[in-house]
Structure formats: structure tokens, C-alpha cells
Amino acid sequence: MFADLTDRQWLWLAAACYLAGFLRGTAAILRGERPSGGMMYGIIGLAYVLQFLGLYLRGRTDGGCPLGNAFEILQFVAWSAITLYLVVGVTFRSSLLGFLTAGLAAVLTLASLAVPAWDATRHAHIFGHNPWIELHAAIALFSYGVFGLLALTSLLFLLRHYSLKSKHLDGWFTLLPSIVDIDHIGLRLLTVGVALLSASLAVGTVYWLRDTGTVDRGTLFVTVAVWAAYALALGLRLGGRLRAKRFAWTCLALFVAALLSIGPVNASRHPPLATQEAPR
Amino acid sequence: MSGLGLFLIGATHHTAPLEVREKLALDPAGEAALGAELAGLGDLREFAVLSTCNRVEFYGVAAEPGAAGRVQAAFCARQQFAPADFEKFRLSLDGREAVQHLFEVSAGLDSQMLGETEIFGQVKAAYAAAQARGTTSALLNRIFQKAFQAAKHVRSHTAITVGQVSVANVAVDLAQNIFGDLAQARILVLGAGEIGEKTARAFQSRGAGTLTVSSRTGERAMDLAARLGGSALPFEQRETRLAEFDIVVCSTAAPHTVLSRAAAVAAMRRRPTRPLFFIDLALPRDVDPAVAAIDNVFCYDLDDLAGIAEKNRVARAAEITRCRTLLTERADSLWRQVEPLLAADRGPAGAPALRPTRHPA
């Protein structure tokens, strides 16, 4: 039965699992209980495997990373964020982070599935069968996943900060981790994200210098701007000039900007070598 | 005699005032001696003694109805307390009611500070002592073990232990909400009085790291610092060295603020990414309330802390009915199993299943 499922069907199943995790967490919080960390981890883990299967089937048809259209990019960003959560979540010990990560993944995957136009066509062989360019794109999008998780920890920080400043400490505010712990995780995520995006740009630069015409200037500008903004935020944070609330708001705003930049970047990407119907 | 009986006698904070409980309190040596004496009472099959600052209770299984009276007599004689006076403050329960009481005590429902968890450890210690003495057997073993299970169940399925209900512990909880693990936190205690010491000890009991004491009277600061195993700081340096600390507990008797907004701003410039937490327990306040507006600075005064403690206490009180229902179900279930066993034991001539195995104390 499962052998006949298409890649999109696997991805629908994964999205449903992410949504189930988010709804289960919401129900627990509304009851005034802490979402079960183990249960959340299990649901997200299952969704992750299902999503991996869907993306694998996609990638196999093209012989590379499934990054051929906005649908695939959003799926990949969600998958990257979950990959990191499955690693970080254990040490962070915050079932609330799992709950929010499930929410983010549910929004990204369901949105990508709900808009058929985003998957109507896809660029085949967009990397010209060049594994280095493919690596560049994959790492760049993985860093977006890291920044997604950073945005969630920033949200947790702002909620905790608000609860402590306004002296509202009961109810579901009791589920939040300490403000210093959240801040430390945020800094680590930002460091990892900037490092990954820097590595991605370094790989891309080598090939861009060989043939500057292959990359659209708009794409180049947006990509470098996102990297520079995050690198600047990291520099200011390490220098103690961007802290607490401002740091959290900056990380949230940057992620929204980074997400919004995916559309233009995808649209103005180097002309497709071939366009084909998206697999169903 | 139709079988064995379970009884409880004692006195608690509900029945006896503090000055009476002081006289009734058993020290470890006294408890051991009384235990040995009670073990010699022929008709007392099993017993355990729970002695804390809020209660002294004897749980016993006996073949004769008069056993409880003999336990009371032995206890009063040892404490040199008139039996007639003891009866004015006495708590006396039998059978299922005694089981229910032990369940509620273990779960913290009968504690002066509702929902506190220290009592659980004290009941465990009392049971362990009785086991070591060899004065528990099938019946008390089952009742105590079921009491522990019931207490754990109530703690994990209700909000009876959620939130602290003392000002000092609320302050520590808040500090954990800010810093997480307190082992690395540097704490400055401003004021060497009782409130400062109590709060400092609450921090120490939750794993706080470095403690520094500063007081307008240098000698008192050094004395308290020595008692807490910390160091002293000259009072006049409290503002210039503020950046070295994460948590500042203020409880001086100064008639005006002793920490200004300017000092907090200067401190935050030197430690921009690490929060600063002021716990102002003084009246009038020691910390300029304007510090609360500084980014990454958190300031809680006595009213804030007392308000949180009261809110937590009310929240715990609202859980009592739920807890009692859970405990009653479990006590009923246990009593249905235990009652036939008690009735089946006909004393010396009956089945010896409930006889305690006595080991040397």
C-alpha cells in the first residue's frame, strides 16, 4: 500500500504529523499542562522520516537535491529546521521548543502543499549536474532552517522576557525555559547558521568568479544581503551591542525577511535549463 | 478479640500549638529509645513513628484495643507530658481513616505549608527507621508503600506542588527562571539580617554558587559571610562592583534606596548580555524602582514576591479537593484489600502472617 504512495502523498502525511504534534501541544497547553517532551519528539521524528521519504523520491527523479521550485524549497527549509531540532532538542529539554518547531514545520509544509502553483513547474537539473553548486544551495537552505529554529527560540525569549518584566509567571509561562538558557541557544544557533551560510557562499563564490553571468544579480544581492544581515547581527551580539529583546526581535525580523526573499530568489534564479511538470 | 486493628495516635499542628509540639517532639535518641520500648509491648504487632516539627504520629497494628493507650502512656512518660493534657491535643484515628491520613500526610495535604514535598522524605525516613528496627511487617509495609505511590501520583497528576509558597523560595524560583542553573550565578546579599540570611540559605539549598554579603555594619556582614561560607564586600563598594553580580538580594534597614538607577545602568554597560536580577525585600525599598525599566534588568520587591506566593498558595488550595478524591479512591482500594487480612488474624492463636519480624535495633 505504502509502496504506491507518491512523493507528495508522503509529504502530506508528514505535514499531517507535524500538524498533529502542534495540535496535541496546543491542547496540552490549553489544559495548563506541559506538552509531553517524549511524545512530541516521537511525533516530530515520525513526520521527519515521512518527509525524508517524500523528499528522497523527489530528489531521485531529478538525481539531486529537490530544490527545483518554491514548494521544494519550503519543504527543505522545514526539513532542515526539524533536523536541527532533533539534535538540539535533546540538550535544550524544552518541549515547548518542540511544540513551536512542529508548528513552524506544519505551517511551511502545509502552505507549500496548499498552493499548487508553487509546484506546477520545476527547474530540472538546475545545478547543471554540478555537485558543488548543489552543495552550495543545499547548505544555504539548511542555514535557513537553522535561522527558522533561531526565530522560534527568539520567540521563546520574548515570551519569557515579557513574563518576567510584566510579572506574569503562572499558567503556560511556567513552561518556558530560563531566559539565559534561551539566549545561549539563540547565540549558538546564530553562530551555526552564519557559519553554514558563509560556507555556502564561499562555495558559490568560487563558481560565480569563474562565470559571473551564471548568477542573476538580484539573487546575488538578496543572498549576500541575508548573509550580511545575519553576520552583522552575530558581530553586534558578540560585541555586546545587540542584546536581550533587540537581539530576539532582530532574529525574528531577519527570518521573516529571509523567508520572503526565497520567492524573488527562486523567480530570478538563473534561467531554467529545462522545465518539466512537477511530479505528483 | 475478632482480629487485628490499625490505629494512629499523635499530635499535629492542627491539634497542638507550637509550644506543645516543642514538648512532644522526639529527638533521634529519644525516638530510638521509645522504639525499643514499644517493641517490647507484647500486643503491638507492628508500628512506625513519624516525628517532624509539625507532628508526632504513631502508626500501629495491634491485637488488643488497649494497645494505643499503652503507646500513648509510654510516649507521655518518656516526654514527661501528662497523659490527661496529651488527650487535649491528641489526634486519634482507626482503620481506614488512619490509612487516609497517612496518604494525605505523605502527599503534603496535611502540611502547614500546603503541598510541600519535604514531608514525603520524612515519611520515607520514618518507614525506613521502622524497617531497620524490625517493627513493620506485611500490613504496615503495604500501607506505607501504597502511601508513597499515592503521594507520587497526586504530585504528578495535580498542581498541588506547583509554585513556591514562601517568599524566599519564590525569589529562588524567579532566579532560576532567569539564570537556569544557579551554580554559576554570583549572588550579593545586601543586609545581614534574618531575611537576608534566610533568602541566602534558600539559594544555597538550590545549588547557588558564589555568595557575597555586604552590610552597613561590616562586622555583621563578615559574620554572616562566614556562616554562609561566602565572602564580605565593603558596603561603600556595593554600586561600583555591582556588575560582578547576577543576583542582588536586598534587605537592609536603610531609610532610603541604597542602589540607584545610575549604578544599575553603569553595571549593565559592563555586562551587557547577562541579566541582572534585584530581589528587594526591604521596607522601605533598597532599590530605585526605576531600574525595572532597564533592558535585561529584572526587579521584584516584597509585594511582588508575596503576591506570587499567595497566588501559588491559592492555586494549591484549589487542588485540595482533587487531591483528596484521588487519595480517597486509593485509600478505599487499599482498605478493601487490608481489612480482610486484619480480620483473619486472630492474634496469637491465629495465623502468624502479620507478625513483625523483629531485628536487633
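Above this text sits the structure in question.
Below you will find a few notes about this structure.

Parameters at a glance
- Residues numbered from 1 in each chain as written.
- Chains lettered and ligands numbered in written order.
- Predicted model: local features only at pLDDT ≥ 70, side-chain atom pairs only at ≥ 80, totals over all residues.
- Helix = DSSP H or I, 4+ residues; strand = E, 2+ residues; numbered from the N terminus.
- Buried ≥ 20, exposed ≤ 12 C-beta atoms within 10 Å, placed from the backbone.
- Pairing = 2+ DSSP bridges.
- Contact = placed C-beta atoms within 7 Å.
- Axes fitted to C-alpha atoms, helices over the stretch in contact; angles between N-to-C directions.
- Right-handed = clockwise from strand over helix to strand, strands pointing away.

### Some thoughts on the environment of glutamate 97 of chain B
Residues and elements named next belong to chain B.
Logical step 1: Here glutamate 97 is to be found in helix α5 (residues 95-106).
Logical step 2: Since 15 C-beta atoms lie within 10 Å of it, glutamate 97 is described here as partly exposed.
Logical step 3: As for glutamate 97 and phenylalanine 179, which are separated by 82 residues in sequence, their C-alpha atoms are 45 Å apart.

### Overview of the sheet that holds strand β7 (residues 231-232) of chain B
All names here are of chain B.
Logical step 1: Pairing is parallel in the open sheet, where six strands are placed in the order β7-β6-β5-β8-β9-β10. Because the sheet does not close on itself, it has two edges, and the strands there are β7 and β10 (297-301).
Logical step 2: With two bridges connecting them, strand β6 (residues 210-214) and β7 associate as parallel partners. Each residue of the ladder has a partner; that of valine 213, found in β7, is alanine 232.
Logical step 3: Set on the sheet, helix α10 (residues 218-228) makes contact with β6 and β7; between it and β6 the angle comes to about 160 degrees.

### Description of the pairing of β10 of chain B
Two faces, one strand: in a regular strand the side chains alternate between the faces of the sheet.
Residue and element names in this part refer to chain B.
Logical step 1: Across the five residues of β10, five count as buried, placing the element largely inside the fold.
Logical step 2: In β10, alternate side chains face the same way, and those of Val297, Cys299 and Asp301 on one face and Phe298 and Tyr300 on the other are all buried.
Logical step 3: Here five bridges tie strand β9 (residues 276-280) to β10, and the two strands are oriented parallel to one another. Bridging across to β10, leucine 276 finds its partner in valine 297.

### A look at the pairing of β6 of chain B
Residues and elements named next belong to chain B.
Logical step 1: Most of β6 sits inside the fold, with four of its five residues counted as buried.
Logical step 2: Summarising the sheet, strand β5 (residues 186-190) and β6 pair through five bridges and their orientation is parallel. Residue valine 189 lies in a different strand from β6, and its bridge partner there is valine 213.
Logical step 3: In the classification by handedness, the crossover that spans β5, the intervening helix α9 (residues 194-205) and the parallel β6 is right-handed.
Logical step 4: A crossover links β6 with its parallel partner β7, the connecting element being α10, and its sense is right-handed.

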